[in-house]
2 protein chains.
Amino acid sequence: MSLPENAPASKRAIWHAAQRLFTENGFARTSVREIATEAAIDPALVIRHFGSKEQLFMETMDVDIGAAAFDGPIETLGERFIAFVLDADADIRGIYLALLRASDSTGIWTHLRAAHEEGFVRPFRTRIASSVGDPADPAPADSADADTRARLAAAVVGGLLYSLWVVRDEGLAHLERETLVRRYGALLQAAITG
Amino acid sequence: MSLPENAPASKRAIWHAAQRLFTENGFARTSVREIATEAAIDPALVIRHFGSKEQLFMETMDVDIGAAAFDGPIETLGERFIAFVLDADADIRGIYLALLRASDSTGIWTHLRAAHEEGFVRPFRTRIASSVGDPADPAPADSADADTRARLAAAVVGGLLYSLWVVRDEGLAHLERETLVRRYGALLQAAITG
DNA sequence: GTCTATAGTATGATAGAC
DNA sequence: GTCTATCATACTATAGAC
């Protein structure tokens, strides 16, 4: 997503191969040699183009939530956002897991933290703050409270991703989709509304 | 915690060294040699006593939540459980992070899943089911609903651990403890109560 | 820009003497 | 039970020819 258009063909091949392998097998289980084979180029080129394996990882593991997920009336944002996350599964899951499992490296942890902050906390906060005084909001928030609500909401969302993707709780995964959206959406809504 | 009393001294030394290093540095960043050095024994003994590094990891990374955390009136369990988790930080955090980050290996993932099921889901379900018909419970649950509530609650708890320990959201961590207990406790309570 | 060759280091696990 | 010695392998990264 963040690869320049005018990059040489070999660099782009590396980028795509890396993105696929990292999301599929994670950071530790993906070797530079494997990426090179997949991209049909020489292993030395991988380092030459990206500096290090970790650098390549961070350039390819960039996730974009998209502001559209936060649109619409705030009193039903909870359900809509859960539905959005479940739909986005295929796009986000691999990147999320790879970042999570490699988050002992401080470089990668910083990356994960930024993704959480910019992908969840900030948009939630913006959306919540913009609804201050909204008649639908039962407890108008000052700016500190908007921040707190946003972080609580982000944590709740993280909990669902954790249960579904890391732990793979089958009891949750096998719930009817509509039930999960409604019930977990209500919990998220409670965090948003305060 | 699960090491037999009558185990030889060298085996127990390995066990303690491994537990410390794994919780501190994780699975990947801890080598068999390092464990041996810390335990002041020969590296070969580590494998001889425990079969493999992964086996040793799973035997030392056993977490015990303890049933006491689920005692007391169910209508205030949310707050009490969040307070309990925050207090238990030092004991659980390292093990939780190590398990999480090594959860790509299927053996370790199975272990994490079992810990989640037995440490969170099952006790929540038992506690919720035993309160059916309780006048304090506004919506008495059948057994399927008790299971669903327990899994939603476990996910919400996981979200807090995720935000505090993996992402290290400072905005959450720097909230006054009592505020966090009250507000996140209310969210957990909503999951429990349904 | 691209490749060959390899340096340099670390790993988990084993065989076999004592 | 314990240790020495080592196998067999994997890895990232680099130096230098073309």
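About the thresholds
- Residues numbered from 1 in each chain as written.
- Chains lettered and ligands numbered in written order.
- Predicted model: local features only at pLDDT ≥ 70, side-chain atom pairs only at ≥ 80, totals over all residues.
- Heavy atoms only, no water.
- Helix = DSSP H or I, 4+ residues; strand = E, 2+ residues; numbered from the N terminus.
- Buried < 20%, exposed > 50% of the residue type's maximum accessible area, 1.4 Å probe, protein only.
- Axes fitted to C-alpha atoms, helices over the stretch in contact; angles between N-to-C directions.
- Parallel < 35°, antiparallel > 145°, perpendicular 65-115°, else oblique.
- Left-handed = near helix turned anticlockwise from the far one by under 90°.
- Contact = heavy atoms within 4.5 Å.
- Nonpolar A, V, L, I, M, F, W, Y, C, P; charged D, E, K, R; others polar.
- Near = heavy atom within 4 Å.
- Polar contact = N/O pair within 3.5 Å; in protein donor to acceptor, adjacent residues only side chain to side chain.
- Buried area = accessible area lost by both parts, 1.4 Å probe.
- Domains from an automatic or database assignment.
- Salt bridge = Lys/Arg side-chain N within 4 Å of Asp/Glu carboxyl O.

A. Structural view of the environment of Glu 176 of chain B. Residues and elements named next belong to chain B. Among the secondary structure elements, Glu 176 is positioned in the loop between helix H8 (170-173) and helix H9 (177-193). The class for Glu 176 is exposed, based on a relative accessible area of 59%. Sequence separation between Glu 176 and Thr 126 is 50 residues, and the spatial gap between their C-alpha atoms is 31 Å.

B. Quick peek at the packing of helix H9 (residues 177-193) of chain A against H9 of chain B. Where H9 of chain A contacts H9 of chain B, the two axes come as close as 10 Å, and the packing angle between them is 155 degrees. Comparing their axes, H9 of chain B and H9 of chain A come out roughly antiparallel. For the crossing formed where H9 of chain A meets H9 of chain B, the hand is right-handed. For the pair H9 of chain A and H9 of chain B, contact is made by Leu 187, Ala 190 and Ala 191 of chain A and by Leu 187, Ala 190 and Ala 191 of chain B, respectively. Class assignment for the residues of the contact of H9 of chain A with H9 of chain B results in six nonpolar, no polar and no charged.

C. Representation of the protein's contact with DNA strand C. Around DNA strand C, 15 residues are found, and the nearest of them are Ser 10, Asp 42 and Arg 48 of chain A together with Arg 33 and Lys 53 of chain B. Taken together, the sugar and phosphate atoms account for 63% of what DNA strand C places within 4 Å of the protein. One nitrogen or oxygen atom from the main chain of Val 32 of chain B is found 3.2 Å from a phosphate oxygen belonging to DNA strand C. Lys 53 of chain B places a polar side-chain atom, nitrogen or oxygen, 2.9 Å from a phosphate oxygen of DNA strand C. Considering every element that reaches the surface near DNA strand C, the biggest residue donor is helix H3 (residues 43-50) of chain A, with four residues. For the surface near DNA strand C, the class distribution of residues is six nonpolar, five polar and four charged.

D. The arrangement of the interface of chain A and chain B in detail. Contacts between the two partners involve 38 residues from chain A and, on the opposite side, 38 residues from chain B. A buried area of about 3600 Å², summed over both sides, lies between chain A and chain B, and 60% of it is on carbon and sulfur atoms. Counting residues per element, the ones that place at least two in the side of chain A that touches chain B are helix H5 (77-101), helix H6 (106-129), helix H7 (143-167), helix H8 (170-173) and H9 of chain A. Top contributing element to the side of chain A that touches chain B by residue count: H7 of chain A, with 13 residues. The class makeup of the residues in the side of chain A that touches chain B is 18 nonpolar, nine polar and eleven charged.

E. Highlighting the domain arrangement of chain A. All names here are of chain A. You can read the domains of chain A as domain 1 (9-60) and domain 2 (67-193). Here domain 1 and domain 2 have C-alpha centroids that lie 30 Å from each other. Between domain 1 and domain 2, the residue contacts involve seven residues of the former and nine residues of the latter. Its largest share of buried area at the contact with domain 2, domain 1 owes to Thr 23, Phe 57 and Met 58, together 65% of the area lost on that side. Across the contact surface, domain 1 and domain 2 share zero salt bridges. There are two residue pairs in polar contact (both at pLDDT 80 or more) connecting domain 1 and domain 2. Of all the secondary structure elements, the ones that give two or more residues to the side of domain 1 that touches domain 2 are helix H1 (9-25) and helix H4 (53-60). In terms of residue count, H4 provides more of the side of domain 1 that touches domain 2 than any other element does, three residues in total. Residues belonging to the side of domain 1 that touches domain 2 are distributed by class as follows: four nonpolar, two polar and one charged.

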